[in-house]
Amino acid sequence: MPETLTFYALSGLAIGASALVIGQRNPMYSVLMLIASFGALAGLYIQLDAPFVAVAQIIIYAGAIMVLFLFVVMLLNAPQEDAAEWDRSHPLRPPVVARFGGMLALLLVVQLAWALLRAGGLGGPVAGLGDADVVSSVRELGRVLFTDYVFAFEATSILILVAMVGAVVLARREGD
Amino acid sequence: MELRFLVQLGIIGFTFFMLINASALLVLAERKIMGFMQQRYGPYLVGPHGLLQPLADIIKLLMKEELRPKGADKWLFTLAPMLSITAAFAAFAAVPWGAETTFFGLLDDPVSLGVADINVGVLVIFAITSMGVYGIVLAGWSSNSKYSLFGGLRASAQMISYELSYATALSGVILLAGSLSLREVVDGQAGTWFGVIPRWHLFLQPVGFIIYMIAGVAETNRAPFDFPEAEQELVAGYNTEYSSVRFALFPQAEYINMTTMSAVATDLYLGGWHGPFLSPEYGWIWFLLKVGAILFAYIWVRWTVPRYRYDQLMQFGWKWLFPASVINLVATAALVLYFNA
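Residues numbered from 1 in each chain as written. Chains lettered and ligands numbered in written order. Predicted model: local features only at pLDDT ≥ 70, side-chain atom pairs only at ≥ 80, totals over all residues.

When helices and strands are tallied, chain A shows eight helices and zero strands. Its helices and strands taken in sequence order, chain A reads α-α-α-α-α-α-α-α from the N to the C terminus. By residue count, 14% of the 176 residues in chain A fall in the buried class. Sequence separation of at least 24 residues holds for 52% of the intrachain contacts in chain A that already meet a minimum separation of 6. (Helix = DSSP H or I, 4+ residues; strand = E, 2+ residues; numbered from the N terminus. Buried ≥ 20, exposed ≤ 12 C-beta atoms within 10 Å, placed from the backbone. Contact = placed C-beta atoms within 7 Å.)

The structure is reproduced here in structure tokens:
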């Protein structure tokens, strides 16, 4: 019973914080809400007997990537969004754009529902699918990552590398 | 069962109490050692040889008026010091500081000295300390002052740059020990080679230890890497606008972070509570001595090495320290593979 309670508390926190990320007018608070959401997700991973994934989530997303986000927000000194400005000249204001955005959101909901309905075995706990030790073992995780999923892993690495080179090329000044 | 729970609670309370004392003692130690290095006495008037100076400092800080600038962000200005101190205390929870003990037969099963035994302990400490930077960054931003903002910006950039080398240096030890649990890492360092040299990871990972210590000084924002507060350039950096207790929490968090960093270094590289002459029951004395030695080195470095320039800090971090730590990791991995195969 306490497990169910913590599950609902953590997922409620994750969803609520995520909603506040786009609901906030101050970009600084949006970033902080995103960090809270990542923290709640890490809590859910711990509940799924995957402490390594939880800690990696905190180190990489909450600890490293969000610090960069915060850095950029502070450096640009992004102003608070003004309600009056939204009425007049916001780029998302024209009905065509708004309808397109709404359609995308609807598509996402449909896809999520479809995926959830298709996936089986959601009734039981994840730890029941395999040995709990195997799920949490870092060694096992590394072995699987570099054998069964090595193609996906390397492809992701190359993708990130390409993005990084692209950022460097874009940021380079003419004549350097 | 009941007794065991009480003992566990006692250990947690004791650790917390010692951490608070560590921060107060370190303030005194810093001023005394600084005085010694500059050929003067340091604080001398409060108590015998100035021993009660931290107490006087605390009373002074508590009595001061709490100010908040008009343009400051009300919530984040209050939240920032709390985040700093919470992260500092929480990180120590995963640090074991003594061998398993029954307290001279008081308990039937041995209990381990330390708040929590986590099987991914090293990573947990790393994760929590990396959250501590938000306190500094938010303090810098919410103060609505340009000096504070620069301090916060520098903190975030510095943290990102040095965290990489820090984690990579630490991975070398993890590879040698084959475990992410700090207790298992320490237990792997028991005994000696040839009867004289202790089996510390320091002797297998000398480069890793140096990189770990340099990155650790940068992570805790200590001189020569104290850019977030650089007095000569930024008034006081991220804590310029703070006063009273809110201000006091920042240096306290810094000193506790130093203690955690030294304790982790002791566990990872210096054999934790293992040492000659003392039975394992008294291993925590060795642990305290080693942590004290590293903390002394911290203070020593602060009062002998001048601050870098900011661009030198970034150059050093990315062009020297990080490549060195990667080479160290690859070499360690190759040697482990060679000798274990």
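Counting from both sides, the interface comprises 16 residues of chain A and, opposite them, 20 residues of chain B. Considering each element in turn, the side of chain A that touches chain B owes the most residues, 14 residues, to helix α3 (residues 51–76) of chain A. Considering only residue class, the side of chain A that touches chain B consists of 15 nonpolar, one polar and no charged. (Nonpolar A, V, L, I, M, F, W, Y, C, P; charged D, E, K, R; others polar.)

With that settled, consider helix α8 (residues 150–171) of chain A. Between the first and last C-alpha of α8(A) there are 32 Å, a value that for 22 residues agrees with the 32 Å anticipated at 1.5 Å per step. Counted residue by residue, α8(A) has zero buried out of 22 residues, so it is predominantly exposed. (Expected span 1.5 Å × (residues − 1).)

Another point: the confidence of the model for chain A. Chain-level pLDDT for chain A is 80 on average; 79% of the residues reach the 70-or-more range. Averaged pLDDT values over the elements of chain A bottom out at 54 in helix α6 (residues 132–136) of chain A and peak at 90 in α8(A). (pLDDT = per-residue confidence, 0-100.)

Residues and elements named next belong to chain B. Closest axis-to-axis distance for the helix α1 (residues 2–37)/helix α2 (residues 53–63) pair is 9 Å, and the angle between their directions is 110 degrees. As judged from the angle between their axes, α1 and α2 are roughly perpendicular. Along this stretch, α1 crosses α2, giving a crossing that reads as right-handed. Packed against α1, whose contacting residues are Ala24, Leu25, Val27 and Leu28, the element α2 presents Gln53, Pro54 and Asp57 at the interface. (Axes fitted to C-alpha atoms, helices over the stretch in contact; angles between N-to-C directions. Parallel < 35°, antiparallel > 145°, perpendicular 65-115°, else oblique. Left-handed = near helix turned anticlockwise from the far one by under 90°.)

To continue, consider the environment of Phe287(B). Relative to the elements of secondary structure, Phe287(B) occurs in helix α11 (residues 283–302). Separated by 69 residues in sequence, Phe287(B) and Ala218(B) place their C-alpha atoms 23 Å apart.

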